[in-house]
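# A structural walkthrough
Here is how the chains run, residue by residue.
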Amino acid sequence: MWLGGNLTRTSERNSVLRNIILISLDTLRASSMSCYGHRNLTTPHLDALAEKSVLFEKCISPHIPTHPAHTTMFTGKDVLSHQIITQGGTLNLATDVQTIPELLSEAGYFTVAADNLGRWFQRGFPEAQYRGYQWETGYRKARKAEAVNQTAIELLDLAQAQDKPWFAFLHYWDPHTPYLPPLPFERMFYSGDECDPNNRSMDAVYTCEPFTDYFRQWMCTPDPADPDNIAKKRLWTDRRYVNAQYDASIAYMDACLAQLFRYLHDCGQLEETLLIITADHGEELDEHELWYDHHGLYETNCHVPLIVHCPALIHEGQRLGGLVRLTDIAPTILDYSGLTAVAEREKMEGASLRGLMEKGTHDGTTEGVYLTECGWMKKRGWQTQKWKLIVETGGTPAVYRTPDLELYDLEEDPDEVYNLAEEADDVVERLKADMAAFLQHRLSETGLPDPTVEQDITMRRIGDKSKAVPL
Ligand SMILES: [Zn+2]
């Protein structure tokens, strides 16, 4: 095997990597990336990197959206342990639940983050090494990923200028709403008139009550001569255009990531650094009439990319099936850092992916994944390779009109169009029993409350009516 200067020890199994980069691409669903089969070439640079990596075909974000998902990613624990189930709620992560930057910092790592989540996500980073970023917010002027790159590269320079091994967390936001990719990306996947008055495909979108003001602020083209005049803004009417803006935002971010990869290559860091690329959750476009946000425990939101790159140590060019989860990321990082004992001490629910990657096996780390959301809607679910059960837990506003019980056959119906809950009640009962047994076991193990029962949804309305274009 190849032994690089930054690797220590001699056998592959025991090799310890010196430096680690965890990249979270907020709101990037796997199915919209070309390396996961999307029809648009959205991610050519990530695709090229993935060819020299291990790509996990089925990584699940079990607890959506941003705050619960990143907490899961950072702690290796599920929501029943870390209790962070809502977005922006008042509950803070308990101090006895350690995050990966805290654990690595304790082990002597130099830790840096380009991130603006704040709260408990800054634990484990010295103040000067946890930096946010700002971008312009004018129409088509937000060059988000470039702003993140600038902060990221400053921090990576700092990390490389000192002697300790280092960990970097880099958080990109481009596919998050509002999708307003800069020129020339905006027209990359769309040609037509997005404001065609004869196109009625957006009518249902604008009537989605909690989001109507927000959508009418965002989904309109200003008059170039009078850009702030609401009366002169033209609402988008073509849903295909909104979908294309999501893809274009991804393509812009991908182009910016190429700059980061080039920087790492030029520094001699790309070969021997453990580089993990993932997303906190995906996005619902127009698939289930939940419209351009990340609620709904569907694959659009729960199926996220996971790419692990380190050609010096990890056999490249593998695509591994089997269910894995964001919960597995922290134990994987600790494994490659020679700190498996720390993962055990912290009683992480996730499992290291190292063995799967070294053996090239498609077993995944679990047979079933417990899913939750408690942001705009309140649901829980149970997912296996073949099935997904979604259960209303009380508290989802009626405006979303989602069924109380949903069952999808993910092998036959990967888009989750046909709800089989009524016709396959034997499967429903079996999955419900599996979920109940899991819950009972975990609740007695943690001795903590069930956060789905204990906590309320936090998201009810978005947007500024005074800035919304009239319908
Ligand atoms: Zn997010």
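Small disclaimer: the values here were computed from a predicted structure and weren't measured.

Conventions used here
- Residues numbered from 1 in each chain as written.
- Predicted model: local features only at pLDDT ≥ 70, side-chain atom pairs only at ≥ 80, totals over all residues.
- Pairing = 2+ DSSP bridges.
- Helix = DSSP H or I, 4+ residues; strand = E, 2+ residues; numbered from the N terminus.
- Axes fitted to C-alpha atoms, helices over the stretch in contact; angles between N-to-C directions.
- Parallel < 35°, antiparallel > 145°, perpendicular 65-115°, else oblique.
- Contact = placed C-beta atoms within 7 Å.
- Nonpolar A, V, L, I, M, F, W, Y, C, P; charged D, E, K, R; others polar.
- Domains from an automatic or database assignment.
- Buried ≥ 20, exposed ≤ 12 C-beta atoms within 10 Å, placed from the backbone.

## Focus on the sheet that holds strand 14 (residues 324-325)
Sheet architecture is open: 3 strands sit in the order 11-3-14, paired in mixed fashion. With one partner strand each, in any of the chains shown, strand 11 (303-304) and strand 14 form the two edges of the open sheet. Pairing between strand 3 (residues 59-60) and strand 11: 2 bridges, direction antiparallel. Residue pairing across strands places I60 opposite H303, the latter belonging to strand 11.

## Some remarks on the packing of helix 1 (residues 44-51) against helix 8 (residues 239-266)
The interhelical angle for the contact between helix 1 and helix 8, taken along N-to-C directions, is 50 degrees, at an axis separation of 7 Å. With respect to helix 8, the element helix 1 is oriented oblique. Residues P44, H45, L46 and L49 of helix 1 lie in contact with helix 8, whose contacting residues are D254, A255, L257, A258 and F261. Classifying every residue of the contact of helix 1 with helix 8 by side-chain character gives 7 nonpolar, 1 polar and 1 charged.

## As for the domain arrangement of the protein chain
According to the domain assignment, the protein chain contains domain 1 (20-182 + 240-366), domain 2 (188-238 + 462-467) and domain 3 (371-454). Its C-alpha centre places domain 1 at a distance of 31 Å from the equivalent point of domain 2. Taken together, the 14 residues of domain 1 in the interface contact 14 residues of domain 2. For the side of domain 1 that touches domain 2, the residue count by class is 8 nonpolar, 2 polar and 4 charged.

## What to know about helix 10 (residues 329-336)
The periodicity of an α-helix, 3.6 residues per turn, causes residues three or four positions apart to be oriented the same way. Burial of helix 10 is extensive: 8 of the 8 residues sit out of reach of the surface. Along helix 10, the residues classified as buried are I329, A330, P331, T332, I333, L334, D335 and Y336. As for helix 10, its buried residues are in contact with strand 1 (20-25), helix 2 (66-75), helix 4 (100-106), strand 10 (274-278), helix 11 (340-345) and helix 12 (354-359). Looking one or two residues past helix 10, G338 carries a phi angle of roughly 75 degrees, positive in sign.

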